[in-house]
Amino acid sequence: MNHDILDPRLLKAPHDPDIPQRLARLAQLGLGTRPDSEFDQFAARLATAANAPYAMVNFVGDEEQYFAGLYGPDSAKSDALEAASSATHAAPGRTMSREHGYCPHVVVRRKALVLDDVCAYPRFGVNPVVNSIGVRAYMGAPLIDRTGTALGTICVVNTEESNWGRPGLEMIKSMAAEVVDLIHRKEQQLR
């Protein structure tokens, strides 16, 4: 695929009119600003279920995304995963620009997304994470809470093409519902 002649709009995150509502709800819940061990444990389960090296519980803000739950090959060595996972690709850290990655698209669409080969899609194949982290496959589902607010996503990424297809779609949606239930339990504890 020739990515030399691209519409610059492909490199931008989608317009998100719900940012103010999301930010208010995340602040109310106390989410999206610090790591959470329950979300980290969930991310490890999600990576195993998807047979992928990386998984995240991601809350999307106005300028950046925050991975409150993060699992990767270096998780046992470093909570922040700041070290490089190989000579050519860096491991994801806890934050990422909202302009990078695929989760902002999932949040705005409010629908799960399975990309078995991100390079097969011009909008997604040119994303900076393809080269910086080595993302080749992505699967994510929105976290829509009881108020109808899309808070963020759960997602997995692979450094190779995947065959998640419809079974992967059903799995990621089911596991997103588990995280929403966990968020609601945390909300009850705040009262």
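The notes below deal with the structure included here. Just so it is clear, the model here is predicted, and its values are computed rather than measured. (Residues numbered from 1 in each chain as written. Predicted model: local features only at pLDDT ≥ 70, side-chain atom pairs only at ≥ 80, totals over all residues. Heavy atoms only, no water.)

## Some remarks on helix H2 (residues 37–50)
Going by this rule: Secondary structure is summarised from DSSP: a helix means a run of H or I of at least four residues, a strand means a run of E of at least two, and numbering begins at the N terminus for each. Multiplying one less than the number of residues by 1.5 Å gives the expected span of a helix. Buried means the residue's accessible area, taken with a 1.4 Å probe over protein chains only, is under 20% of the maximum for its type, while exposed means over 50%, and partly exposed covers the values in between. The arc in question is formed by the directions pointing from the helix axis toward the C-beta atoms.
In this model H2 runs 20 Å from its N-terminal to its C-terminal C-alpha over 14 residues, within 8% of the 20 Å that 1.5 Å per residue would give. Among the residues of H2, Phe-39, Asp-40, Phe-42, Ala-43, Leu-46, Ala-47 and Ala-50 are the ones counted as buried. End-on, the buried residues of H2 take up no more than an arc of 160°, which puts them together on one face. Relative to its buried face, H2 has exposed residues pointing more than 90 degrees away, namely Gln-41 and Thr-48.

## Quick word on the sheet that holds strand S5 (residues 137–144)
To keep it simple, the criterion reads: Pairs of strands are assigned from DSSP output, requiring at least two bridges between the strands. To get an axis, a line is fitted to the C-alpha atoms, and for a helix only the part in contact is used. The angle between two axes follows their N-to-C directions and goes from 0 to 180 degrees. Residue contacts are counted whenever heavy atoms from the two residues lie within 4.5 Å of one another.
The 6 strands are arranged S3-S2-S1-S6-S5-S4 in an open sheet whose pairing can be described as antiparallel. Across the chains shown, the open sheet's two edge strands, defined by having one partner strand only, are strand S3 (95–97) and strand S4 (113–115). Each adjacent strand pair in this sheet contributes to an overall mean axis angle of 25°, direction not counted. Alignment of S5 against strand S6 (residues 150–158), held across 8 bridges, turns out to be antiparallel. Paired with Ala-141 across the two strands is Ile-154, which belongs to S6. Here helix H1 (residues 19–29) sits on the sheet in contact with strand S1 (54–60) and S6, set at roughly 90° to S6. Docked against the sheet, H2 engages S1, strand S2 (64–71), S5 and S6, running at close to 75° with respect to S2.

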